[in-house]
Amino acid sequence: MPTVLGIETSCDETGVGIVADGVLLGEALATSMDEHARFGGVVPEIAARAHLHAITPMVQHALDRAGIGLADIDAVAATAGPGLATAVQVGLAAGKAYALTLGKPLYGVHHLAGHAAVDILEHGPLPARCVALIISGGHTSLLLLGDLARDPIIHLGDTADDAAGEAFDKVARLLGLPYPGGPAIDRIARDGDPAAITFPRPMTGPNDPPYRFSFSGLKTAVARWIEKCGDRPVPVADVAASFQEAVADTVTRKALAACHDHRVDTLLLVGGVAANSRVRQLAEQRCAAAGVRLRVPSPRLCTDNGAMIAAVGDLLVRANVTPDRLDLGPDPSAVLRGALLHGPR
Ligand code: KG4
Ligand code: ZN
């Protein structure tokens, strides 16, 4: 069975995974998150330098954990976009170097396809059709997925402005919580009342596009609410819980509507924000009520990692998809059309 080495460096995580036939054999993850915290967000040059330092040790770690050597690798997959240009560049260059020196094929993978594919490692092959809700730091999309290795991905709707994770990060900053904001809001919201404040559920009106998202208005609503507190102390836990509830309600409502309208019985919930405890809980409740099967990876596989890219590479290899040329360039703002950055061929 072909063994695939996957490399992920689109943001601040240096992830390496090794997958064969839908099974995760080993993985390793380094993060430069702490180096960005004092800037309140990821600094691309710092992330890129950290990838450069971490990439070879992480590959070695992952190989050690899998109990194999480089000579056992049959194909290499690396994130070719979207992401921070300088960061993507490092992982893709590393992927090319491994492919070239090992004499093995290279696949330039679309990062978001990785978020979807990672679920295969925990829950087995994807069904012939499913709706995928990708909620990450940079993207928010409702998609119709067929065969991930071969079929074009259909966008039912995307965000008109901020991504869901971006909204978490910005609201966390408004509340004085540390970066990354998503996990910080998730934690503090446990002590808050989700019904304390009714924040807007954006784009859920009868005349709104049913599968599109918008989070910048919600973020502004939170900012205005905090401003109105004036000199009074801001009830941080209540604001966090109420904001989180607005996001969870909006995204799950739209995802279930997409499943219903397209007669799809499986919802795949993925991306960093899919690690959120309330999003997961509400998705479970609403899917159960609607008779929709929910697939959601463990929280640690929702956020960026190398296994997700190896999972895509593994699908492509098994589907006999033609590999990329070694002069493949990164595309920091690549639109998701298929598992390969340059779409299905
Ligand atoms: O998928 P991801 O790791 O990176 C991108 O591809 O963007 O997502 C990162 C985003 C960040 O905005 C982070 O705040 C958010 O996911 N996130 C969460 C949680 N864990 C990570 N948001 C809400 N609740 C969480 N538990
Ligand atoms: Zn991601």
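Residues numbered from 1 in each chain as written. Chains lettered and ligands numbered in written order. Predicted model: local features only at pLDDT ≥ 70, side-chain atom pairs only at ≥ 80, totals over all residues. Heavy atoms only, no water.

As for the domain arrangement of the protein chain
Reports often express the size of an interface as the amount of accessible area lost when the parts come together. The domains assigned to the protein chain are domain 1 (3-118 + 305-318) and domain 2 (128-298). Between domain 1 and domain 2 the total buried area reaches about 1,200 Å² when both faces are included, carbon and sulfur atoms providing 77% of it. The three residues of domain 1 that bury the most area against domain 2 are L112, H115 and A116, which together make up 40% of that side's buried surface. In this assembly, domain 1 and domain 2 are joined by 1 residue pair in polar contact (both at pLDDT 80 or more). Counting residues per element, the ones that place at least two in the side of domain 1 that touches domain 2 are helix 1 (33-37), helix 4 (111-123) and helix 11 (307-318). With 6 residues, helix 4 is the largest single contributor of residues to the side of domain 1 that touches domain 2. In terms of residue class, the side of domain 1 that touches domain 2 is made up of 11 nonpolar, 3 polar and 1 charged. (Domains from an automatic or database assignment. Buried area = accessible area lost by both parts, 1.4 Å probe. Polar contact = N/O pair within 3.5 Å; in protein donor to acceptor, adjacent residues only side chain to side chain. Helix = DSSP H or I, 4+ residues; strand = E, 2+ residues; numbered from the N terminus. Nonpolar A, V, L, I, M, F, W, Y, C, P; charged D, E, K, R; others polar.)

Points about the coordination of the zinc ion (ligand 2)
Only H111 (NE2), H115 (NE2) and D304 (OD) from the protein coordinate the zinc ion (ligand 2), and they sit 2.0 to 2.1 Å from it. Read in sequence order, the donor residues for the zinc ion (ligand 2) give the motif H-x3-H-x188-D. Of this pair, H111 sits in helix 4 while D304 sits in the loop between helix 10 (299-302) and helix 11, and the two are 193 residues apart along the sequence. (Donors = N, O, S within 2.8 Å, 3.2 Å for Na, K, Ca; no water.)

Description of the packing of aromatic side chains
Per the stated rule, a full pass over the model turns up 2 aromatic pairs. Each ring, one from F168 and one from F243, has its centre 5.0 Å from the other, and the planes form 75 degrees; the classification is edge-to-face. Of this pair, F168 sits in helix 5 (residues 164-174) while F243 sits in helix 8 (residues 236-261), placing them 75 residues apart in sequence. Between F213 and F215, the aromatic rings sit 6.2 Å apart at their centres with planes inclined by 15 degrees, giving stacked as the arrangement. Per residue, the accessibility class of F213 equals that of F215, and both read buried. The lysine or arginine in question, K254, covers the ring of F213, its NZ or CZ lying 5.7 Å from the ring centre. (Phe/Tyr/Trp six-rings, centres within 6.5 Å; stacked < 30°, edge-to-face > 60°. Buried < 20%, exposed > 50% of the residue type's maximum accessible area, 1.4 Å probe, protein only. Lys NZ or Arg CZ within 6 Å of the ring centre and 35° of its normal.)

Concerning the environment of I188
By secondary structure assignment, the location of I188 is in helix 6 (residues 181-189). Owing to a relative accessible area of 25%, I188 belongs among the partly exposed residues under this scheme. Between the C-alpha atoms of I188 and A241, which are 53 residues apart in sequence, the distance is 7.7 Å. Residues within four places of I188 in sequence aside, it is in contact with L177, V236, A237 and A240. (Contact = heavy atoms within 4.5 Å.)

Brief notes about helix 2 (residues 44-66)
Given a rise of 1.5 Å per residue, 23 residues ought to cover 33 Å, and the 31 Å separating the end C-alpha atoms of helix 2 matches this to within 8%. Of all the bends found along helix 2, the most pronounced is centred on A54 and spans about 40 degrees, while P57, a proline, follows it within four residues. All buried positions along helix 2 are accounted for by A47, A48, A50, H51, A54, I55, M58, V59, A62, L63 and A66. Summarising the contacts, the buried residues of helix 2 are in contact with strand 1 (3-8), strand 2 (13-20), strand 3 (23-31), helix 1 and helix 3 (85-102). G67, located one to two residues past helix 2, shows a positive phi value of around 70 degrees. (Expected span 1.5 Å × (residues − 1). Bend = angle between axes of the 7 residues up to and from the residue.)

Observations concerning the site of ligand 1
Lining the immediate surroundings of ligand 1 are 17 residues, of which H115, G137, D169, G182 and D186 lie closest. Between ligand 1 and G138, the relevant distance is 3.2 Å, taken from an oxygen atom to a main-chain nitrogen or oxygen of the residue. At 3.0 Å from an oxygen atom of ligand 1 is found a main-chain nitrogen or oxygen belonging to G272. Relative to its unbound accessible area of 560 Å², ligand 1 is 88% covered by the protein chains. Sorting the residues of the shell around ligand 1 by element identifies helix 4, helix 5 and helix 6 as the ones contributing at least two each. In terms of residue class, the shell around ligand 1 is built from 4 nonpolar, 10 polar and 3 charged. (Near = heavy atom within 4 Å. Areas by Shrake-Rupley, 256 points an atom, 1.4 Å probe, with all protein chains shown as cover.)

Here's the deal with the sheet that holds strand 2
Taking strand neighbours across the sheet as the criterion, the 5 strands line up as 3-2-1-4-5 in an open arrangement whose pairing is mixed. Each end of this open sheet is capped by a strand with a single partner; those strands are strand 3 and strand 5 (106-110). Going from strand to strand, the sheet's axes swing by 20 degrees on average, the running direction of each strand aside. Where strand 2 and strand 3 come together, 8 bridges link them in antiparallel fashion. Residue pairing in the sheet places G17 in a bridge with E27 of strand 3. Seen against the sheet, helix 2 touches strand 1, strand 2 and strand 3 and runs at an angle of roughly 150 degrees to strand 3. Against the sheet, helix 11 contacts strand 1, strand 2, strand 3, strand 4 (75-81) and strand 5, and its axis sits at roughly 140 degrees relative to strand 1. (Pairing = 2+ DSSP bridges. Axes fitted to C-alpha atoms, helices over the stretch in contact; angles between N-to-C directions.)

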